[in-house]
Amino acid sequence: MRIAVLGGDGYCGWATALYLSQKGHQVAIVDNFIRRKWDFDLGVETLTPIRSLRDRLQAWKDLTGNHIDVFVGDMTDYAFLSAHIRDFEPDTVIHFAEQRSAPYSMIDREHATFTQVNNLVGTLNLLFALREFKSDCHLVKLGTMGEYGTPNIDIEEGYIRIEHNGRADTLPFPKQPGSFYHLSKVHDTHNIHFCCKAWGLRATDLNQGVVYGTMTDDTALDEALINRFDYDEIFGTALNRFCIEAAAGHPITVYGKGGQTRGFLDIRDTIRCVEIACLNPAEPGEFRVFNQFTEQFSVLELAQMVQAAARKLGLKAEINHLPDPRVEAETHYYNARHSKLIDLGLQPHLLSDSLLDSMIGIALKYSERIDQSVFLPNVNWRNASNNRNGNGRLRTPAAALIQSGV
Ligand code: NAD
Ligand code: USQ
C-alpha cells in the first residue's frame, strides 16, 4: 500500500513509519517538526538522543535498504497538504500530526487556542484534500480514550444503543473530555463523522489510551533510529515518567489519590493496531471507532508496579502523592470495552516486570541526560493565568500551586 504517515517524526509516527516500511509498504512521512520546536521553547528534551529526520532516514536506508519519502510542511497549510495528497496518492493516510499534550493545552489562552486551531484546521484540511484528490483513501485518525472522560457506566467502542421514550437508536457515545487538547479530539471526531456521511469518505478513529515504552524491533536496530522517551510534565506520559523518576532516585509523582484509571498500551501494540486498521479498511461512508488499549490500571497501581520493579534493581523508588494539578476524578468507576482490535488479530504485549525492567534499564542507560527539574508539575488546570510569570515562562511548581490555592 501507499501509506502517508502524518506526524511521522513524532513518537507514535516514527515507530509506525519504520514498521510499515519494513513490511514492504511504500511510506511517506509528513511533518513540520513543530514538536521539536515545542521542546525547545519549553526547555525540555527527550531522554533518548533522537537524531534529525534526515539522519534517521539515511540510517534506516543504510541498515535495511528501505526508502521512506519525506514531505516537510504544515497540515494547516492547505496548499501544501492538498498537493501532497494529489502527488503521493495514498491508499491510506495515518493522521498522528497534532498537538497532543493535555497540560500544554491548559497553560493559558494562547496554548489552548493554538492546540485547537492546529488540530482542527489540520484535520479539516485533510478531509477537504481527501475529498478533492483521493476520496477512496482510508483515513486512520488517532483519537484518544480521554474523549469519553470517566462516566459512571461502561464505555463502548464509539457508539451506544439507547432507548428513550419508547424509541431506540445507536448513537455516538457521550463525550466528557478533560482538557482543551482532549476537546480538540472530540471536535475532530465530529468533523470526520460528518464528512463520512456527507461525502462518503471512509475513516477509522483509533481512540488510543496512554502509550508507554520506547523500543520496537525496528527502532532497536541501531541507536541512530532511537525513538523519543519523553518524561517532562508537559509531554511525558505517566508510566514513562514514573520509570525515569525511579531511575533518577526521585519520588514517583502520583497526582492526588492515584485512583485515576486509564487504558494503557505498549508502543509495539500501537504500531500493530494501526497496521490492522490499514489492512482492514472502513467501507466508503463508514466512520468506524476502535478503542485502542490493552490493559487498564489506576496511576497508583502503575506507580506500585514501577516501585516493585525498581526495588529489584536496588533503587529506592518512593511514591509521592502530589496535589493533583488537573481537574479530574481521583477515584471513579472505569470499564472500557476494547475487543474490536483483538477480534481483528491483535495479540497484546502485557505490562510485565521484564518490560518495566527494560524501561527502567533504558532510563538508567541515559541517566546522565535526566533533568530532574521537569518532574514536578507546573501547569494548573484551575487557573491558567497563574501558569506563567511576567516573562511568559512557566512558573516554578511550588509558586504555581501555592498561588492557585491547591
Ligand atoms: P508527538 O508529539 O510525538 O508527534 C506528533 C508529530 O506531529 C510531531 O512530529 C509534530 O511535529 C507533528 N505535527 C504536529 N502538528 C503538525 C502540523 N500542523 N503539521 C505537520 N506536522 C505536525 O505525538 P505522539 O505521542 O506521537 O502522538 C501522535 C498522535 O497519537 C496524536 O494525535 C496523539 O493525540 C495521539 N495519541 C497519543 C498518545 C500517547 O500516549 N502518545 C495516546 C493517545 C493518542
Ligand atoms: N499523572 C500522574 N502523575 C504524573 C503524570 C500523570 O499521576 O506524573 C496522571 C494524570 O493526572 C492522569 C494520568 O496520569 O490522571 C494520565 O496522564 P498522562 O499525562 O500520562 O496522559 P494524558 O494527559 O491523558 O495524555 C496522554 C497523551 C495524549 C493521549 C492520552 C490518552 O499525552 O496524547 O491522548 O494520553 S488518554 O489518557 O486515554 O486520553
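Right above here is the structure, for reference.
The shown structure was predicted, so the numbers you read here are calculated from the model rather than taken from an experiment.

(A) How the structure looks around the overall build of the protein chain. Helix and strand counts for the protein chain stand at 13 helices and 14 strands. For 406 residues, the compact-globule formula gives about 22 Å, and the C-alpha radius of gyration of the protein chain, at 21 Å, lands near that figure. If one aligns the C-alpha atoms of the protein chain with their principal axes, the spans along those axes are about 65 × 55 × 45 Å. By the burial criterion, 55% of the 406 residues in the protein chain qualify as buried. The contacts of the protein chain with a sequence gap of at least 6 include a subset with a gap of at least 24, amounting to 80%. Side-chain charges of the protein chain comprise 40 positive and 50 negative groups, with the mean position of each set lying 2 Å from the other.

(B) Just helix α3 (residues 53-64), in detail. Here α3 contains 12 residues, and its C-alpha end-to-end distance of 16 Å stays within 8% of the 16 Å for a straight helix at 1.5 Å per residue. When α3 is considered as a whole, its buried residues turn out to be L53, R56, L57, A59 and W60. Viewed end-on, α3 has its buried residues packed into an arc of 160°, placing them on one side of the element. Exposed side of α3, more than 90 degrees from the buried face: R54 and D62 are the residues found there. Those residues of α3 that are buried lie in contact with α1 (11-22), β2 (26-31), α2 (34-42) and β3 (69-72). Two residues or fewer after α3 comes G65, characterised by a positive phi angle close to 80°.

(C) Seen up close, the pattern of salt bridges. For the structure shown, the criterion picks out 23 salt bridges. The salt bridge involving D230 is made with R228; its shortest N-O contact spans 2.9 Å. We classify D230 as buried; its relative accessible area is 4%. Of the residues examined, R228 reaches a relative accessible area of 2% and is grouped as buried. The network of salt bridges with common partners includes R35, D39, R100, R228 and D230.

(D) Molecular detail of the sheet that holds β2. On the basis of which strands lie adjacent, the open sheet formed by 7 strands has the order β3-β2-β1-β4-β5-β8-β12 and parallel pairing. At either margin of the open sheet sits one strand with a lone partner, and together these are β3 and β12 (287-292). Geometrically, the sheet is characterised by an average inter-axis angle of 20° between neighbouring strands, direction not taken into account.

(E) Representation of the site of ligand 2 within the structure. Around ligand 2 there are 23 residues in total, and T144, Y181, A238, T253 and E328 lie nearest to it. Between ligand 2 and A238, the relevant distance is 2.7 Å, taken from an oxygen atom to a main-chain nitrogen or oxygen of the residue. One nitrogen or oxygen atom from the main chain of Y255 is found 2.9 Å from an oxygen atom belonging to ligand 2. For ligand 2, the accessible surface in isolation is 730 Å², of which the surrounding protein chains cover 95%. Elements supplying a minimum of two residues to the shell around ligand 2: α7 (180-199), α8 (238-248) and β10 (252-255). In terms of residue class, the shell around ligand 2 is built from 9 nonpolar, 9 polar and 5 charged.

Basis of the calculations
Residues numbered from 1 in each chain as written. Chains lettered and ligands numbered in written order. Predicted model: local features only at pLDDT ≥ 70, side-chain atom pairs only at ≥ 80, totals over all residues. Heavy atoms only, no water. Helix = DSSP H or I, 4+ residues; strand = E, 2+ residues; numbered from the N terminus. Rg over C-alpha atoms; globule rule 2.2 N^0.38 Å. Buried < 20%, exposed > 50% of the residue type's maximum accessible area, 1.4 Å probe, protein only. Contact = heavy atoms within 4.5 Å. Lys, Arg positive; Asp, Glu negative; His and termini not counted. Charge placed at Lys NZ, Arg CZ, Asp CG, Glu CD. Expected span 1.5 Å × (residues − 1). Arc of directions from axis to C-beta. Salt bridge = Lys/Arg side-chain N within 4 Å of Asp/Glu carboxyl O. Pairing = 2+ DSSP bridges. Axes fitted to C-alpha atoms, helices over the stretch in contact; angles between N-to-C directions. Near = heavy atom within 4 Å. Polar contact = N/O pair within 3.5 Å; in protein donor to acceptor, adjacent residues only side chain to side chain. Areas by Shrake-Rupley, 256 points an atom, 1.4 Å probe, with all protein chains shown as cover. Nonpolar A, V, L, I, M, F, W, Y, C, P; charged D, E, K, R; others polar.

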